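Residues per chain, in single letters:
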Amino acid sequence: MKAFQASTSYSVGFAVSSVESRSIPSRHRYYMSAKVEPTEKSVEVMRKFSEQYARKSGTYFCVDKSVTSVVIKGLAEHKDTLGAPLCPCRHYDDKAAEAQQGFWNCPCVPMRERKECHCMLFLTPENDFAGQDQV
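All residue numbers refer to positions counted from 1 along the written sequence of the respective chain. Since the coordinates come from a predicted model, pLDDT governs what is reported: local features require at least 70, and pairs of side-chain atoms require 80 or more to be given and counted, while whole-chain, interface and lining totals use all residues. For the side-chain quantities, the full set of heavy atoms in the structure was used; hydrogens and water were omitted.

**Q** Before we go on, may I ask you to explain the side chain of Thr59 in this structure?
**A** One can find Thr59 in the loop between helix 3 (40-57) and helix 4 (65-82). Classification of residues uses two cut-offs on accessible area relative to the type maximum, computed with a 1.4 Å probe and protein chains only: under 20% is buried, over 50% is exposed, and between them is partly exposed. Looking at Thr59, the relative accessible area reads 0%, which means it is buried. Of the polar contacts made by the side chain of Thr59, one reaches the side chain of Ser57; its length is 2.8 Å. Contacts were defined at the residue level, with two residues in contact if any of their heavy atoms lie within 4.5 Å. Excluding residues that lie within four positions of it along the chain, Thr59 makes contacts with Tyr53, Ala54, Met111, Lys115, Phe122, Leu123, Thr124 and Gln134. Strands are runs of DSSP state E lasting at least 2 residues, helices are runs of H or I lasting at least 4, and numbering of each runs from the N terminus. The definition of a polar contact used here is a pair of N or O atoms within 3.5 Å, where within protein one atom must be able to donate a hydrogen and the other to accept one, and adjacent residues in sequence count solely through side-chain atom pairs.

The following block contains the structure:
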């Protein structure tokens, strides 16, 4: 009989502790995220690169200038932190490895091969969001 009671109390205790452990961590975990601002020099380098590449490829910037600005800033941030202008519009499990591989470094392979820019930085003239500017 004692073995049965011990087994029952162990099972009940286990069940209770597992429920408690699931509800407690959400109150005790803290997440920190640091946003790194790119240097002015990197932003200027990426702006000049973007203008030059738009002219060379016959593409245009988005009619909404804030899109162009955010993408160039993201490229500059990655240039500063990773050493390469990794596409800022995609999710990566390992940004450093992706930057080293080069597939998604701007201009990415889909842009170079098919003029497909996921970020909407370089748009073909037929794109509804293409503006008239290459600067």
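**Q** Honestly, unusual backbone geometry in this entry has me stumped. Any pointers?
**A** Excluding glycine, residues mostly have negative phi values, and the peptide bonds linking residues are mostly trans. Here the amide bond leading from Cys106 into Pro107 is cis, since omega sits at -5 degrees, within 30 degrees of zero. Note that Pro107 resides in the loop between helix 5 (95-101) and helix 6 (109-114). Not every positive phi belongs to a glycine, and Met120 is a case in point at roughly 65 degrees. Following the sequence through the fold, Met120 ends up in the segment after helix 6.

**Q** What am I meant to see in the environment of Gln100 here?
**A** Considering the arrangement of structural elements, one finds Gln100 in helix 5. Here Gln100 falls in the exposed class, since its relative accessible area comes to 73%. For the pair Gln100 and Gly83, spaced 17 residues apart in the sequence, the C-alpha separation amounts to 8.8 Å.

**Q** What exactly am I supposed to notice about the environment of Lys56 here?
**A** Within the element layout of this structure, Lys56 appears in helix 3. Judged by relative accessible area, which is 70%, Lys56 ranks as exposed. C-alpha separation for the pair Lys56 and Gln134, spaced 78 residues apart in sequence, amounts to 9.8 Å.

**Q** For this particular structure, what's the right way to read helix 4?
**A** Every α-helical turn comprises 3.6 residues, leaving residues that sit three or four positions apart pointing alike. In this scheme, a helix's expected span is set at 1.5 Å multiplied by one less than its residue total. An ideal rise of 1.5 Å per residue puts 26 Å on 18 residues; helix 4 measures up with 25 Å between its terminal C-alpha atoms. Packed against the buried residues of helix 4 are helix 3 and helix 5.

**Q** How should I be thinking about helix 3 in this particular structure?
**A** In a regular helix each residue adds 1.5 Å, so 18 residues correspond to 26 Å; helix 3 covers 25 Å between its end C-alpha atoms and thus fits that length. Along helix 3, the residues classified as buried are Ser42, Met46, Ser50, Glu51, Tyr53, Ala54 and Ser57. Considering only its buried residues, helix 3 is in contact with helix 4 and helix 6. Immediately downstream of helix 3, the backbone of Gly58 shows phi near 70 degrees, a positive value.

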